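Chain residues, written in single-letter form:
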Amino acid sequence: MAGKIMSLTEAAALVQDGDLLALGGNALTRIPAAFVRELARRRREGLRLVKTAGAYDVDLLCAAGAVAQTQTGYVGFENLFGLAPSYRRGVEEGSVRAVEHACSTVIAGLRASAYGLPSQPVAGLDGSDVAAHTGFRQVKDPYTGESVYMVPGIRPRFAILHVTYADAEGNARIEGGAFEDVLMSRAAESVILTAERIEETAFFVEKPDRTAVPAFMVQAVVHAPGGARPGGCHPFYDIDEDAVGAYLDSASGAESLRAHLDSWEERDYAGSAAVSGDVV
Amino acid sequence: MSTALREGASEEVRAAADRMAVFLSRFIRDGELVFHGVASALPMAAMVMARNTHAPNLTYLNIPGGVDPRPSFLPGSTVARQLMEGALSYFTLTEIFDLSARGKLGLAFLGGAQIDAQGDMNLSFIGDPAAPNVRLPGGAGSAHILPTARRTVLWRTVHDAKSFPERCDFVTASGNVDAVVTPLCIFEKVDGRLRVKTIHEGVTPDALRAATGFDLGDLERASTTPEPTDAERAALTAADPEGVRLREFI
């Protein structure tokens, strides 16, 4: 029954310094928060992050000095708290290289990899400085002669996805918005799941069309109830604004960041590492 | 939290938030496919409001993918799960980009930290992009949607010379801008340049010029923006009773 279930610590150890990671969820919703906290505790370095719209996850890894590069369309705390302070500081000081994307070009790069292609044509970008700044090249379509931007493939080492339900083998169901998680799973070399609940495989047999990620793509499954906190996760909990605010207060210094990580440790390790089917 | 929002905001901020939400909603045409993205509390309120006033047949699209949601409350994060509640179908962000690329997205609302005289916007860098003074969040989908959506309306809750320069420090996105809504005025784009269409009540032309970093030209043709009507105010309050729109001003 153990299947691919492992502890949060064991799963985080699969990630090597310098890896390219796609982080699932969007902004403060269904983010792999417990997993990124564990990466910070393990003092990973030189990570390269891919995401359409990031917030706590990208900022916390920047605060921990774990990030060398980001490929994102947006990183911030929206109208709740504004700019992402540690991401901003990392980019402004030069320790984090922000590869400027639109959300659509992140998707295009992931699509290229998912389709097994080196690059992907993308619409839009006309009149924007993003293409020149990032180095997206134009080619002529061989049939119409129309100019089109090509986005190079983005092939993450892992897609890190916090899902609603998974079984021990890695079949995963997502409730609510799936964002780019499914595409990330297809674009990445492998997938690490953290899951709110571990279900019996029969749960997935009932509605196979609802299985967003099939087990054969998945390397590791972590039982992580509350694993998206302080973000929200449908249908179990909403964004905890006070806890996001507490993070932002702590992210400015190494000691306060350590205290933040410590304060979450018990909850992050609350999942059952050796799970039987009835543990939910 | 929400009550504190309303009570903590000054009269001036509440008036500006109400005006901007109502003015944004007026750009929505009945039957249109309308999209807002991340960090978009004002357009979210405007879209929910418009559905209950002049645009009952709009199709509401958003990043979580809920088509025509009926959120139990308006969330502070505009990609939160409430935007899936009561939705009739599921249409992802990727599909919304593709829809826009096919020329079928009707109207999108997009914010900018800088909006320049050409109607181009910047959400990327202040200062030299190679060594920025400020790293902004990034433009999310704007570089794709501005040139591909049929119409876009931009908004910015701060109207000062830095926010409205002759040229952006970096052009994150450029394209089919119909209008720009600010706390002071509404711009329209005419022959590739922003022109003041209407000035909000109580704002003098001199104050507007002083607060804008590019030449506004002749303001004689600009009329006064019609104030929100009682019916619009009531619809806005019903759509956003908690005052989530105020978050854009804090």
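In what follows, the structure referred to is the one given above.
Residues numbered from 1 in each chain as written. Chains lettered and ligands numbered in written order. Predicted model: local features only at pLDDT ≥ 70, side-chain atom pairs only at ≥ 80, totals over all residues.

Visitor: Before we move on, can you summarise the overall build of chain B with the specific residues and values?
Guide: Helix and strand counts for chain B stand at seven helices and 14 strands. Relative to the compact-globule value of 18 Å for 250 residues, chain B shows a C-alpha radius of gyration of 17 Å, a close match. Dimensions of chain B along its principal axes, counting C-alpha atoms only, are 45 × 40 × 35 Å. Taking contacts inside chain B between residues at least 6 apart in sequence as the whole, the part at least 24 apart equals 68%. (Helix = DSSP H or I, 4+ residues; strand = E, 2+ residues; numbered from the N terminus. Rg over C-alpha atoms; globule rule 2.2 N^0.38 Å. Contact = placed C-beta atoms within 7 Å.)

Visitor: An account of the environment of Ala17 of chain B is needed here, citing residue identities and associated values.
Guide: Residues and elements named next belong to chain B. Tracing the sequence through the fold places Ala17 in helix H2 (residues 11-26). Judged by the 26 C-beta atoms lying within 10 Å of it, Ala17 falls in the buried class. C-alpha of Ala17 to C-alpha of Gly65: the two residues are 48 residues apart in sequence and 26 Å apart in space. Residues in contact with Ala17, not counting those within four places in the same chain, are Arg245, Leu246 and Phe249. (Buried ≥ 20, exposed ≤ 12 C-beta atoms within 10 Å, placed from the backbone.)

Visitor: Just give me the short version of helix H6 (residues 103-114) of chain A, but keep the residues and values in it.
Guide: Residue and element names in this part refer to chain A. Compared with the 16 Å implied by 1.5 Å per residue over 12 residues, the 16 Å span of H6 between its first and last C-alpha is a close match. The set of residues buried in H6 consists of Cys103, Ser104, Thr105, Val106, Ile107, Ala108, Gly109, Leu110, Arg111, Ala112, Ser113 and Ala114. Taken from the residues just after H6, Gly116 is the one with a positive phi, measuring 75 degrees. (Expected span 1.5 Å × (residues − 1).)

Visitor: I'd like to hear about the pairing of strand S13 (residues 193-199) of chain B, residue by residue, with values.
Guide: Residues and elements named next belong to chain B. One ladder, built from six bridges, connects strand S12 (residues 185-190) with S13; its direction is antiparallel. Each residue of the ladder has a partner; that of Ile186, found in S13, is Thr198. Counted along the chain from S12 to the antiparallel partner S13, the turn is two residues long, and its residue Asp191 has a positive phi close to 50 degrees. Taken together, the two bridges between S13 and strand S14 (residues 223-224) define a ladder with parallel strand orientation. Within S14, the residue paired with Thr198 across the bridge is Ser223. Crossover handedness for the path S13 to helix H6 (residues 205-210) to S14: right-handed. (Pairing = 2+ DSSP bridges. Right-handed = clockwise from strand over helix to strand, strands pointing away.)

Visitor: If you had to explain the interface of chain A and chain B to someone new, which residues and values would you point to?
Guide: In this assembly, 43 residues from chain A lie in contact with 43 residues from chain B. Elements that contribute at least two residues to the side of chain A that touches chain B include exactly strand S3 (67-77), helix H4 (78-81), helix H5 (85-93), strand S5 (97-100), H6 and helix H7 (130-134) of chain A. With five residues, the single largest contributor to the side of chain A that touches chain B is S3 of chain A.

Visitor: Report on the sheet that holds strand S6 (residues 119-122) of chain A, specifying residues and quantitative values.
Guide: Two orientations exist for strands paired in a sheet by backbone hydrogen bonds: parallel and antiparallel. Residue and element names in this part refer to chain A. The three strands are arranged S6-S8-S7 in an open sheet whose pairing can be described as antiparallel. The two strands at the open ends of the sheet, each matched to only one other strand, are S6 and strand S7 (137-140). Sheet twist, expressed as the mean angle between neighbouring strand axes with direction ignored, is 45 degrees. Sheet topology note: the S6/strand S8 (residues 147-152) ladder contains four bridges and is antiparallel. (Axes fitted to C-alpha atoms, helices over the stretch in contact; angles between N-to-C directions.)

Visitor: How would you explain the pairing of S8 of chain A if you had to name every residue and give the values?
Guide: All names here are of chain A. The sheet contact formed by S7 and S8 spans four bridges and is antiparallel. Across the sheet, the residue bridging to Lys140 is Ser147, located in S8. Taking the residues between adjacent antiparallel strands as the criterion, S7 and S8 are bridged by six residues, where Gly145 takes a positive phi near 80 degrees.

Visitor: So what's going on with the sheet that holds S13 of chain B? Which residues, and what values?
Guide: Residue and element names in this part refer to chain B. Pairing is mixed in the open sheet, where eight strands are placed in the order S2-S1-S5-S10-S11-S12-S13-S14. The sheet is open, and its two edges are formed by strand S2 (59-61) and S14, each paired on a single side. For strand S10 (residues 151-155) and strand S11 (residues 177-181), the ladder comprises four bridges, and the chain directions are parallel. Its bridge partner lying in S11, Leu154 is registered against Val180. Packing of helix H3 (residues 41-51) onto the sheet brings it into contact with strand S1 (33-36), S2, strand S5 (107-111) and S10, and relative to S1 it is tilted by some 155 degrees.

Visitor: Explain the environment of Arg37 of chain A residue by residue, including any values.
Guide: All names here are of chain A. Along the polypeptide, Arg37 turns up in helix H2 (residues 33-41). Spatially, the C-alpha atoms of Arg37 and Asp57 are 8.2 Å apart, while their sequence positions differ by 20 residues. When sequence neighbours within four positions are dropped, the list of residues in contact with Arg37 reads Leu60, Leu261, Trp264 and Asp268.

Visitor: Please provide a residue-by-residue account of the nonpolar core, values included.
Guide: In terms of nonpolar packing, the biggest core is built from 172 residues, with Leu61 and Leu193 of chain A together with Ala21, Leu24 and Ala45 of chain B touching the most fellow members. The element contributing the most residues to this core is H3 of chain B, with nine residues. What Ala21 of chain B contacts, discounting residues up to four positions off in sequence, is Leu42, Ala45, Ala46, Met49, Leu236 and Arg245 of chain B. (Core = buried A, V, L, I, M, F, W, Y, C linked by C-beta atoms within 7 Å.)

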